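Given next are the chains, with one letter for each unit.
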Amino acid sequence: MKTLTDLLGLKVRTESGRYLGRVHDVRAELKPRSVTMTGLVVGQLGLLERLGIGAPESRGRTLHGDVVAWREIVRADRRGILVRDDAA
């Protein structure tokens, strides 16, 4: 992975093989001199958010379960993203 956009569209699975969906967006914390990745938005509700339906500012915000915390990622490569089982 070279850029954040390389993550978009990748399949996300748990270590035990459960399919969580595809990456539709990323979450990050903007700091004065840096950006820290905090999570990946996955699944159907993540897609709706990416399309502007249920964006964080609206009443229909994405459920917490559709954001996988960055710290839960075990591996990210062109085959997909593997997350810890307890992240789901």
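Please refer to the structure placed before this passage.
Just so we're clear, the structure is a prediction, and the values are computed from it rather than from any experiment.

Participant: Teacher, can you tell me more about the overall build of the protein chain here?
Facilitator: A tally of helices and strands in the protein chain yields 1 helix and 6 strands. The N-to-C order of helical and strand elements in the protein chain reads β-β-β-α-β-β-β. Looking at the protein chain residue by residue over its 88 residues, the buried ones come to 33%. Counting contacts in the protein chain only where the partners sit at least 6 residues apart, residues at least 24 apart contribute 41% of the total. Summed over its atoms, the accessible surface of the protein chain is roughly 6100 Å², and 51% of this surface lies on carbon and sulfur atoms.

Participant: Whenever I open this one, the sheet that holds strand β6 (residues 80–83) confuses me. Can you help?
Facilitator: Taken together, 6 strands build an open sheet; the order of strands is β4-β3-β2-β1-β6-β5 and the sheet is mixed. Two strands bound the open sheet, and with one partner strand each, they are β4 (67–69) and β5 (73–77). Geometrically, the sheet is characterised by an average inter-axis angle of 35° between neighbouring strands, direction not taken into account. Here 4 bridges tie β5 to β6, and the two strands are oriented antiparallel to one another. The partner of Asp77 across the bridge, within β6, is Gly80.

Participant: Explain the pattern of salt bridges here, please?
Facilitator: Throughout the structure, instances matching the rule amount to 4 salt bridges. Residues Arg71 and Glu72 are paired through a salt bridge, measuring 3.8 Å at the closest nitrogen-oxygen approach. One connected set of salt bridges, linked through shared partners, spans Arg71, Glu72 and Arg84.

Participant: Teacher, can you tell me more about the pairing of strand β1 (residues 11–14) here?
Facilitator: Regular strands place their side chains on alternate faces of the sheet. Of the two faces of β1, only one is covered, namely that formed by Val12 and Thr14; the face formed by Lys11 and Arg13 stays uncovered. Connecting the antiparallel pair β1 and strand β2 (residues 19–30) is a turn made up of 4 residues, with Gly17 showing a positive phi of about 100°. Pairing geometry for β1 and β6, over 3 bridges, is parallel. Each residue of the ladder has a partner; that of Val12, found in β6, is Ile81.

Participant: Could you clarify how one ought to interpret the nonpolar core in this entry?
Facilitator: Side chains that are nonpolar tend, in soluble globular proteins, to be buried together. The biggest cluster of nonpolar side chains holds 12 residues, and these are Leu7, Leu10, Val12, Leu20, Val23, Met37, Leu40, Val42, Val68, Ile73, Ile81 and Val83. Elements with a minimum of two residues in this core: β2, β3 (35–42) and β6. Considering every element that reaches this core, the biggest residue donor is β3, with 3 residues.

Participant: Mind showing me how you'd approach the environment of Glu15 here?
Facilitator: With respect to the helices and strands, Glu15 occurs in the loop between β1 and β2. For the pair Glu15 and Asp86, spaced 71 residues apart in the sequence, the C-alpha separation amounts to 9.3 Å. Residue contacts for Glu15: discarding those within four places in its chain leaves Val74, Leu82, Val83, Arg84 and Asp85.

Reading the values: rules and limits
- Residues numbered from 1 in each chain as written.
- Predicted model: local features only at pLDDT ≥ 70, side-chain atom pairs only at ≥ 80, totals over all residues.
- Heavy atoms only, no water.
- Helix = DSSP H or I, 4+ residues; strand = E, 2+ residues; numbered from the N terminus.
- Buried < 20%, exposed > 50% of the residue type's maximum accessible area, 1.4 Å probe, protein only.
- Contact = heavy atoms within 4.5 Å.
- Areas by Shrake-Rupley, 256 points an atom, 1.4 Å probe, with all protein chains shown as cover.
- Pairing = 2+ DSSP bridges.
- Axes fitted to C-alpha atoms, helices over the stretch in contact; angles between N-to-C directions.
- Salt bridge = Lys/Arg side-chain N within 4 Å of Asp/Glu carboxyl O.
- Core = buried A, V, L, I, M, F, W, Y, C linked by side-chain atoms within 4.5 Å.

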